[in-house]
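# Understanding the architecture of this molecule
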Amino acid sequence: MAVLAKIRQRSALMIVVIAFALFAFLVPSLFNKGNFGKNSKDVGSINGKNISFDEFRIKVSNVEKSGQGITATAAANRVWDQEVSIALLSAEFEKLGLRVGEKHIMEVLKSDQNIGKNPLFLNAAGVFDEAKFKEYFKSNPQQAQVLKDREKDAELNAKYQIYNTLIKAGLYTTESEGKLKYEMEANKVSFSYVAGLYSTIKDSDVKVSDDEIVTFMKKNEKKYKAEESRQVKYVLIEDKASKEDENEIKTKITSLLSDRTKYDDKTKTNVTEPGFKAAANTVEFVNSNSDVPYDSTYVAKKDLPAVDADKLYNLAPGEIYGPYVHGKYLCISKSLGRKTGVNAKASHILISYEGTKVPNQKEKRTKEQAKAKAEAILAQVNANPESFLMLAFTNSDDSSAQQGGDLGYFGPNQMVKPFNDFVFNNPIGKVGLVETPFGFHIIKIADKQDGIRLATIAQKIEPSEATSDKVFTEATKFEMDATDKDFDKTAKDMKLTIAAPVTVKVMDESFGTLGNQRNIVSWAFDDDSKVGSVKRFEVANLGHVIAKVEKINKAGLTAVDVARPYIESILKNKKKAELIKAKMSGTSLEAIAKATGSTVQQATDVTMQNPVLTGGVGQEPKVVGNAFALAAGKLSAPIEGNTGVYVAKNTSVVKAPVLKSHAEYVAKLKAQSAGDGNRVLPALKDNAEIKDNRKQFNY
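Residues numbered from 1 in each chain as written. Predicted model: local features only at pLDDT ≥ 70, side-chain atom pairs only at ≥ 80, totals over all residues. Heavy atoms only, no water.

### A few points about the overall build of the protein chain
Rule in force here: Numbering of helices and strands starts at the N terminus; helices are DSSP runs of H or I of at least 4 residues and strands are runs of E of at least 2. Radius of gyration here uses only the C-alpha atoms, and the compact-globule reference equals 2.2 Å multiplied by the residue count raised to the power 0.38. Only protein chains enter the accessibility calculation, which uses a 1.4 Å probe. A residue is then buried if its area is under 20% of the maximum for its type, exposed if over 50%, and partly exposed in between. Only the protein chains shown count as cover for residues, with accessible areas throughout obtained via the Shrake-Rupley method and a probe of 1.4 Å. Neither His nor the chain ends contribute to the count of charged residues, in which Lys and Arg are positive and Asp and Glu negative. Taken as the charge location is NZ of Lys, CZ of Arg, CG of Asp or CD of Glu.
A count of helices and strands for the protein chain gives 23 helices and 23 strands. Whereas a compact globule of 699 residues would reach a radius of gyration of roughly 27 Å, the protein chain reaches 36 Å, over 25% beyond that. Each principal axis of the C-alpha distribution contributes one length, and for the protein chain these read about 110 × 85 × 75 Å. Burial status across the protein chain gives 40% buried among its 699 residues. Total accessible area computed for the protein chain in this model is approximately 38900 Å², and 51% of it derives from carbon and sulfur atoms. Averaging the coordinates of the 100 positive side-chain charges in the protein chain and doing the same for the 88 negative ones gives two points 3 Å apart.

### A look at the packing of aromatic side chains
Stated precisely, the cut-off is as follows: Each Phe, Tyr or Trp ring, with Trp reduced to its six-membered ring, pairs with another whose centre is within 6.5 Å; inter-plane angles below 30 degrees give stacked pairs, above 60 give edge-to-face pairs, and intermediate values give tilted ones. Cation placement over rings: the criterion is NZ of Lys or CZ of Arg within 6 Å of the ring centroid and within 35° of the ring normal.
Overall, the coordinates contain 22 aromatic pairs when judged by the stated rule. Each residue in the set Phe121, Phe128, Phe133, Tyr136 and Phe137 is aromatic and connected to the rest through ring pairs, giving one cluster. When the ring centre of Phe276 is taken as reference, the NZ or CZ atom of Lys334 above it lies at 5.0 Å. Cation over ring: Arg338 sits above Tyr313, and NZ or CZ is 4.1 Å from the ring centre.

### A few points about the confidence of the model for the protein chain
To keep it simple, the criterion reads: Confidence per residue, as judged by the predictor, is encoded in pLDDT with a range of 0 to 100.
Taken as a whole, the protein chain shows an average pLDDT of 89; of its residues, 94% reach a score of 70 or greater. Looking over the protein chain, one finds the lowest element-wise mean pLDDT in helix α1 (residues 2-9), namely 34, and the highest in strand β15 (residues 534-539), namely 97.

### Remarks on the pairing of β15
Filter applied, for reference: Strands were regarded as paired on the criterion that DSSP finds at least two bridges between them.
Judged from the 6 bridges that link them, β15 and strand β16 (residues 543-553) form a sheet pairing that is antiparallel. Note that in β16 the partner of Lys535 across the bridge is Ala547. The antiparallel hairpin formed by β15 and β16 contains 3 residues in its connecting segment, where Asn541 sits at a positive phi of about 60°.

### Here's the deal with the sheet that holds strand β1 (residues 42-46)
Whether parallel or antiparallel, the strands of a sheet pair through hydrogen bonds between backbone atoms. So the rule is basically this: Only the stretch in contact is used when a helix axis is fitted, and all axes are lines through C-alpha atoms; the angle between N-to-C directions ranges over 0 to 180 degrees. Every residue pair with non-hydrogen atoms within 4.5 Å of one another is taken to be in contact.
The strand order across the open sheet formed by 3 strands is β2-β1-β23, and the pairing between neighbours is antiparallel. Edge positions in the sheet fall to β2 (49-52) and β23 (690-692), since each of these pairs with one other strand and no more. Neighbour to neighbour, the strand axes of the sheet diverge by 20° on average, direction disregarded. Pairing between β1 and β23: 3 bridges, direction antiparallel. Among the inter-strand pairings, Gly44 is bridged to a residue of β23, identified as Asp692. Where helix α2 (residues 53-64) meets the sheet, it contacts β1 and β2, and its direction lies at approximately 55° from that of β2. Seen against the sheet, helix α3 (residues 72-96) touches β1, β2 and β23 and runs at an angle of roughly 35° to β1.

### Looking at the environment of Ala632
Mapped onto the fold, Ala632 is located in the loop between α21 (621-629) and β21 (639-640). Look at Ala632 and you get exposed, because its relative accessible area is 64%. In sequence terms Ala632 and Val471 are 161 residues apart; their C-alpha atoms lie 78 Å from each other.

### Regarding the pattern of salt bridges
Under the convention used in this document: We define a salt bridge as a side-chain nitrogen of Lys or Arg found within 4 Å of a carboxyl oxygen belonging to Asp or Glu.
Within this structure, the stated rule accounts for 42 salt bridges. As a salt-bridge pair, Lys95 and Glu92 come within 3.2 Å of each other at their nearest N and O atoms. Here Lys95 and its partner Glu92 are both found in helix α3, 3 residues apart, which amounts to about one turn of the helix. Residue Glu92 is classed as buried on the basis of its relative accessible area of 16%. Glu568 is the salt-bridge partner of Lys572, the closest N and O atoms lying 4.0 Å from each other. With Lys572 and Glu568 both in helix α19 (residues 560-583), this residue pair falls 4 residues apart, about one helical turn. For Glu568, a relative accessible area of 24% gives the class partly exposed. The structure contains a network of salt bridges with shared partners spanning Asp210, Arg564, Glu568 and Lys572.

### Considering unusual backbone geometry
Geometrically, the link from Gly322 to Pro323 is a cis peptide bond, its omega value of 5° lying close to zero. Inspection of the secondary structure puts Pro323 in strand β9 (residues 320-326). Of note, Asn413 is a non-glycine position whose phi angle comes to about 70°, a positive value. Within the element layout of this structure, Asn413 appears in the loop between β11 (406-410) and α15 (417-424). Residue Asn413 is classed as exposed on the basis of its relative accessible area, which comes to 66%.

### Remarks on the nonpolar core
Going by this rule: As used here, the term nonpolar core means buried Ala, Val, Leu, Ile, Met, Phe, Trp, Tyr and Cys residues forming a set that is joined through side-chain atoms within 4.5 Å.
Of all hydrophobic cores here, the largest spans 46 residues; its most connected members are Phe56, Tyr163 and Phe511. Considering each element in turn, this core owes the most residues, 10 residues, to α3.

### A short note on the sheet that holds β21
As summarised here, the arrangement of the 4 strands in space is β18-β3-β22-β21, forming an open sheet in which the pairing is antiparallel. The sheet is open, and its two edges are formed by β18 (600-606) and β21, each paired on a single side. Sheet topology note: the strand β3 (residues 188-197)/β18 ladder contains 5 bridges and is antiparallel. Across the sheet, the residue bridging to Tyr193 is Gln601, located in β18. Docked against the sheet, helix α20 (residues 589-596) engages β3, β18 and β22 (644-654), running at close to 25° with respect to β3.

### Some remarks on α20
Under the convention used in this document: Of all possible arcs, the one meant is that of the directions from the helix axis to the C-beta atoms.
Taken as a whole, α20 has its buried residues at Leu589, Ile592 and Ala593. The buried residues of α20 occupy an angular sector of 100° when the element is viewed end-on, so they sit on one face. Pointing more than 90 degrees away from the buried face of α20 are the exposed residues Glu590 and Lys594. Elements in contact with the buried residues of α20: β3, β18 and β22. Just beyond α20, the residue with positive phi is Gly597, at close to 70°.

### Observations regarding the packing of α2 against α3
Keep this limit in mind: Between 65 and 115 degrees an angle is taken as roughly perpendicular, under 35 as roughly parallel, over 145 as roughly antiparallel, and anywhere else as oblique. If you view the pair so one helix is near and one far, a crossing is left-handed when the near helix is turned anticlockwise from the far one by less than a right angle, and right-handed when it is turned clockwise. By the convention adopted, Pro, Cys, Tyr, Trp, Phe, Met, Ile, Leu, Val and Ala count as nonpolar, Lys, Arg, Asp and Glu as charged, and the other residues, Gly among them, as polar.
The contact between α2 and α3 brings their axes to 9 Å, and the two run at 125°. In terms of orientation, α2 lies oblique with respect to α3. Considering only the axes of α2 and α3, their crossing is right-handed. Across the interface between the two elements, Phe56, Lys59, Val60, Val63 and Glu64 of α2 pack against Ala72, Ala75, Ala76, Arg78, Val79, Trp80, Gln82 and Glu83 of α3. Residue classes in the contact of α2 with α3 are distributed as 8 nonpolar, 1 polar and 4 charged.

Dropping the structure here:
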């Protein structure tokens, strides 16, 4: 029954999408109970097909409960992507008239390990028995719905397999394409040219208006299509320890060093308790007074706090150092002694053989052959120790071969036992041969590190109640003043820093450098949140965030201020090109060079595959393509390139020899286009009418 429970958990639509990575899980609930929706019963629609909120909520709830540690919003995003993908692909299946039979569905069901390898459904030979499978569900009608749901998923999965096969079959490369690839690599052109570079005109000499950016985006609407978003600015007032708090913690932890006198109710006398220095039981003393439990590990110098490493490492047994700051803690440490060889550094050459689970095996060999090869390499290393690095690089079957076999530093028992025992029981410089389940290792011990054991009392540096109250008062005052007055001026008056604005979309969780702050994102999209709205949020372990809605960007084109960094340079270069073209007068390159204040340059044996012009110019495919098309000795018209405007004159074209077959180049193109099938689903999404109503629901 436990296995059947797993089947039930996985009865989600699991489309095994090799090309599209579609993952569907019927699992969880992101929404608070009660207020399910404001304007719609549906969480959205895809090409007019509605997605019921109630069904969506159940699926999201299942994802939340799946034990993956996923947040409610992330679960909703996953299920939404699943629903969109399934709806779009199902429509394609319907258009193509794809149908699958019982046999195909059964093959998909068997591919699920919880079914195909389930002991309930295996015959005496350990092979899946379809008759036993059917008989089980016939004898257990209460499980029938589980099977019915799973069959629906399997049917869709089977259709996708057919669809994916059709897509792959439609992707092919012709001999003509191979020929073009060959010619682009092999045909060469040499030409003279004059370049009027855009960099010769100052950016300040050409202006680009917001209207021009909008016009450009409208011409490329799909590329600059944007979801609804909000721009939010904020002030962070950290709830952190003040100098007074730090001094109080320092006083408290320092007082632990000395003996303390206290009144004993039983004896009715004052008794003296030894401090950290003289404590009889150091471990018990640490655990009674530290926010971090005692750690008995011996620590190498490199793993100690960097600033205090020297002093801590060189403590004599019983000696105390501190207070010192380590992360968010104030610490005092007592040395409990040193130990040699707590860490070791070694290199190895692994020679594996058939049967060992080593992914990088360079050649197939038997165990006997592997041993013989390892012994031969050991002899070479002993004869010439300097050869170890190169021998590891050329022979080792371990991924460390690329580092000459270097494994870096490691502690006891981190390596498999025979390897560990050799390294920690032998001196630095020792070379030897060891066998492990991975094969034969030629090991060289490079270094060992001593370690120190410290008993450390660490007390967290955190704000006092008085400090937290003061921070709360300051944050509340800022929220009230910023609501009624100018946000920026209020921050300036209170000497607070305004963080860089954060742009968020409706289902985002991350909020700039503050990480996951879903509550701030949700507030920004509330119907009551207008431009200028201000609200304070308490953020655990951080402090108070006072946020202001700076801008509301409706769905449609990307906001101008967001698009400007990407578009402005394109439009400026267009304007610069017109100014440069106006100067390019003359019937020869020399005359054009003189008119533009540049020189005539040469390009030799350039190909279309690598259309790079020297002198730091970079790739200029338009220029090179025009040069190929020119008749010898003829000037081109001005060409707008990536870095400037060019006029070219063809010197010569050298055509590659004719090949009987271009199979090699066809193969290259096939390899390049192997992932083109992945573009189908994004293309379907781009052309679909998708309405997302998720923000109308509480979650």
